[in-house]
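Here are the chains, one letter per residue:
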Amino acid sequence: MTTNADEAPKPVRRRAPAGAAVLREDVTEAIRGAVFEELASVGYARMSIEGIARRAGVGKTAVYRRWRSKLHLVLDVVSAMAVLGLPVPDTGSLETDLRLLYEVTSRALRHPVASQIIPDLQAEAARNPDIAEALQKALRDGQEGVASKIVAAAEQRGEVRPGVDPDLALDLISGPLYWRSVVVRSPKLPKGYLGHLARATAGALKAL
């Protein structure tokens, strides 16, 4: 058997393994969005794969191809919150950085979906350590990353002393607004509250 030296080799076509399914990203995102809406509407305890699939406009099989249970689906969605993060303010001043952070965080926490989901998942977290771990990571990681950068910038400007305790700084920065918006669930923040909070927090950080 002879071959033509000028003839280019034919590319080898690779076939997908039998039974392999290609997961469409738009369907995955539709399901994730439906989880948030379903959590806000009925809560974790009453949420079902059927309800999520119906809200997403897909079949139950599409959900089960991606997550094997309601718990794993919620854990994935909640954990994804951590990577979204918050924008890091860069105004040139500790107080105004904090003010901008509080404005963004306040809007996020007071959103109708978030205001329903977070308290409900906190209740579930008391009974389910997996949800507790995922919720803590989602809430802490986003705030911790932003708070540490705000404090680091303030150190460079000489507004706070070097080596401020990062955990204490995070508590001071995130604690009051979270308490007011999520725990107490105040229906409306008093006029000027965020500005006063930013000023008081900046003063506390400078005193550390």
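Note that the structure is a prediction, hence the values are computed from the model and not measured.

Visitor: Break down the overall build of the chain for me, citing the residues and quoting the values.
Guide: Counting its secondary structure elements, the chain contains 9 helices and 0 strands. In the chain, the succession of helices and strands from N to C terminus is α-α-α-α-α-α-α-α-α. Considering only contacts within the chain whose residues lie at least 6 apart along the sequence, 67% involve residues at least 24 apart.

Visitor: Mind laying out the pattern of salt bridges, listing which residues take part and the relevant values?
Guide: Evaluated as defined, the whole model comprises 11 salt bridges. Across the pair Glu103 and Arg99 runs a salt bridge, and its minimum N-O distance is 2.9 Å. You can see Glu103 and its partner Arg99 sitting in helix 5 (residues 94–109), 4 residues apart, about one turn around the helix. We classify Arg99 as partly exposed; its relative accessible area is 36%. The salt bridge involving Glu124 is made with Arg127; its shortest N-O contact spans 2.8 Å. On the basis of relative accessibility, which here comes to 59%, the residue Arg127 falls in the exposed class. Here the salt bridges do not stand alone but share partners, grouping Glu29, Arg32 and Asp76 into one network.

Visitor: Account for the confidence of the model for the chain, naming residues and giving values.
Guide: For the chain, mean pLDDT is 83; residues scoring 70 or higher make up 86% of the total. Within the chain, helix 9 (residues 193–207) carries the highest mean pLDDT (96), whereas helix 4 (residues 70–84) carries the lowest (74). In this model, residues 1–20 is a region of pLDDT below 50 whose contacts with residues beyond four sequence positions or in other chains number 0 contacts.

Visitor: I'd like to hear about empty space enclosed by the protein, residue by residue, with values.
Guide: Under the counting rule described, the total for this entry stands at 1 cavity of 30 Å³ or more. Estimated volume of the largest cavity: approximately 30 Å³. Lining of the largest cavity is provided by Leu109, Ala114, Ser115, Ile118, Pro119, Ser181, Val182 and Arg185. When contributions to the lining of the largest cavity are tallied by element, the ones reaching two or more residues are helix 6 (112–125) and helix 8 (166–183). When grouped by side-chain class, the residues that make up the lining of the largest cavity number 5 nonpolar, 2 polar and 1 charged.

Definitions and cut-offs
Residues numbered from 1 in each chain as written. Predicted model: local features only at pLDDT ≥ 70, side-chain atom pairs only at ≥ 80, totals over all residues. Heavy atoms only, no water. Helix = DSSP H or I, 4+ residues; strand = E, 2+ residues; numbered from the N terminus. Contact = heavy atoms within 4.5 Å. Salt bridge = Lys/Arg side-chain N within 4 Å of Asp/Glu carboxyl O. Buried < 20%, exposed > 50% of the residue type's maximum accessible area, 1.4 Å probe, protein only. pLDDT = per-residue confidence, 0-100. 1 Å grid on protein atoms, 1.4 Å probe; cavity = no way out; pocket = protein on both sides within 12 Å on 5 of 7 lines; lining within 4 Å. Points joined across faces, edges and corners; volume = space filled by probe spheres on them. Nonpolar A, V, L, I, M, F, W, Y, C, P; charged D, E, K, R; others polar.

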